[in-house]
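Overview (structure and organization)
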Amino acid sequence: MHALRHFYASVLLDAGENVKALSTYLGHGDPGFTLRVYTHLMPSSDGQARRAVDGLYEGTGSTPDGPETAQDQ
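Read on for a plain summary of the structure. Fair warning: this is a prediction, and the values are worked out from it, not measured in the lab.

Structural notes on the packing of helix α2 (residues 19-26) against helix α3 (residues 31-38)
- Close contact between α2 and α3 brings their axes to 8 Å; oriented N to C, the two are set at 90°. By the angle class used here, α2 and α3 are roughly perpendicular. Between α2 and α3, the contacting residues are Val19, Lys20, Leu22, Ser23 and Leu26 on the first element and Pro31, Thr34, Leu35 and Tyr38 on the second.
- Among the residues making up the contact of α2 with α3, the classes are represented as six nonpolar, two polar and one charged.

A word on the pattern of salt bridges
- On inspection of all chains with the given rule, the structure shows one salt bridge.
- Its salt-bridge partner being arginine 36, residue aspartate 30 comes within 3.7 Å of it at the nearest N-O pair.

Some thoughts on helix α1 (residues 2-14)
- With 13 residues, α1 extends 18 Å from end C-alpha to end C-alpha; this agrees with the ideal 18 Å at 1.5 Å per step.
- Listed as buried for α1 are His6, Ala9, Ser10, Leu12 and Leu13. Burial along α1 is one-sided: seen end-on, the buried residues are contained in an arc of 165°. Opposite the buried face of α1, at more than 90 degrees from it, the exposed residues are Ala3, Leu4, Phe7 and Asp14.
- Among the residues trailing α1, glycine 16 stands out with phi positive, at a value near 90°.

What counts, and at which threshold
Residues numbered from 1 in each chain as written. Predicted model: local features only at pLDDT ≥ 70, side-chain atom pairs only at ≥ 80, totals over all residues. Heavy atoms only, no water. Axes fitted to C-alpha atoms, helices over the stretch in contact; angles between N-to-C directions. Helix = DSSP H or I, 4+ residues; strand = E, 2+ residues; numbered from the N terminus. Parallel < 35°, antiparallel > 145°, perpendicular 65-115°, else oblique. Contact = heavy atoms within 4.5 Å. Nonpolar A, V, L, I, M, F, W, Y, C, P; charged D, E, K, R; others polar. Salt bridge = Lys/Arg side-chain N within 4 Å of Asp/Glu carboxyl O. Expected span 1.5 Å × (residues − 1). Buried < 20%, exposed > 50% of the residue type's maximum accessible area, 1.4 Å probe, protein only. Arc of directions from axis to C-beta.

Here is the structure:
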């Protein structure tokens, strides 16, 4: 049963499930406890964080900025 529980948690974490929701699904009263127990199951979190930040800059183009682009008054 323990292995099945870890499998369930790892599948949901890998799919991007919210840790607070996972904590509820597993019957934990504290999402912090869930993180402490299952953190090792989130090896892709670095890549997810990088993609999230990269997504902020997609489509912004290469519009120059800085003092040389200031409008004359």
